[in-house]
Amino acid sequence: MILIESLLAILIFSLGILALVGLQAAAVKQSADAKYRTEAALLANEVIGQMWVSDRTTATLQGNFNSPGGGDYNNWLVRVGAVLPGVAANSPTAPTIAVDANGIATVTVFWNAPNEPAGAPIHQYIAIAQIR
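Residue positions are counted from 1 within each chain, in the order its sequence is given. Thresholds applied to this predicted model are a pLDDT of at least 70 for local features of residues and 80 or more for the giving and counting of side-chain atom pairs; totals over whole chains, interfaces and linings are not thresholded and use all residues. Side-chain measures were taken over the full set of non-hydrogen atoms in the model, leaving aside hydrogen atoms and water.

## Looking at the packing of aromatic side chains
No. 1: Pairs were defined over the aromatic rings of Phe, Tyr and Trp, the Trp ring being its six-membered one, requiring ring centres within 6.5 Å. Orientation was assigned from the angle between planes: stacked under 30 degrees, edge-to-face over 60, tilted for the rest. Applying the stated criterion across every chain, the model contains one aromatic pair.
No. 2: Ring centres of Tyr 73 and Trp 76 lie 6.2 Å apart, and the angle between their planes is 50°; this geometry places the pair in the tilted category. Of this pair, Tyr 73 and Trp 76 are both found in helix α3 (residues 71–83), three residues apart, which corresponds to roughly one turn of the helix. Secondary structure is summarised from DSSP: a helix means a run of H or I of at least four residues, a strand means a run of E of at least two, and numbering begins at the N terminus for each.

Here it is as structure tokens:
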């Protein structure tokens, strides 16, 4: 009887330890996801700030920041690729900036976490601001 009780106690203890390890792994994953979301928000706000301090005419904003091809957009794209994982210039994960005729800028940042499987959905962060 004592042997059976001790085996059951070890089994219950082992399940508890496995649950704690799983909880720790989930916490690390959520922490990394939060870091990437924060970085994406920071990068989107950074480019919107650059728009605010540049020449704010609509034509100039569209020429410099619209993706792809604007000079300021290309500089920002290099920074995004250095900070966020899974970002490539000519891929579905390339960030986009669209400035319309009313000066409304829509910045969309995409990324793929390095530990996610290949078929996982792409994460995105969208920021919209009116530049006047």
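## Focus on the nonpolar core
No. 1: Within the largest apolar cluster, 25 residues are counted, with the highest numbers of intra-cluster contacts made by Met 51, Trp 76, Leu 84, Ile 97, Val 107 and Val 109.
No. 2: No other element matches the seven residues that helix α1 (residues 2–53) contributes to this core.
No. 3: Residues contacting Val 109, with those up to four places away along its chain left out, are Ala 40, Ala 44, Trp 76, Val 80, Leu 84, Pro 95, His 123, Gln 124 and Tyr 125. Nonpolar core, defined: a set of buried Ala, Val, Leu, Ile, Met, Phe, Trp, Tyr and Cys residues in which side-chain atoms within 4.5 Å join the residues together. Partly exposed residues are those whose accessible area sits between 20% and 50% of the maximum for their type, while under 20% is buried and over 50% is exposed, using a 1.4 Å probe and protein chains only. A contact between two residues is defined here by any heavy atoms of the two lying within 4.5 Å.

## Some details on the confidence of the model for the chain
No. 1: Per-residue confidence for the chain averages 89 on the pLDDT scale, and 98% of its residues sit at or above 70.
No. 2: Values of pLDDT, which run from 0 to 100, indicate the predictor's confidence residue by residue. Mean pLDDT values over the elements of the chain span from 86, in helix α2 (residues 58–65), up to 94, in α1.

## So, α3
No. 1: What a helix is expected to span follows from its residue count: subtract one and scale by 1.5 Å. With 13 residues, α3 should cover 18 Å at 1.5 Å per step; its first-to-last C-alpha distance of 19 Å lies within 8% of that length.
No. 2: Listed in full, the buried residues belonging to α3 are Tyr 73, Trp 76, Leu 77 and Val 80. Buried residues of α3, viewed axially, fall in a sector of 110°; they line one side. Turned more than 90 degrees away from the buried face of α3 sit Asn 75, Val 78 and Ala 82, all of them exposed.
No. 3: The inward-facing, buried residues of α3 contact α1, α2, β1 (96–99) and β2 (104–111). Summarising the geometry, the arc corresponds to the directions from the helix axis toward the C-beta atoms.

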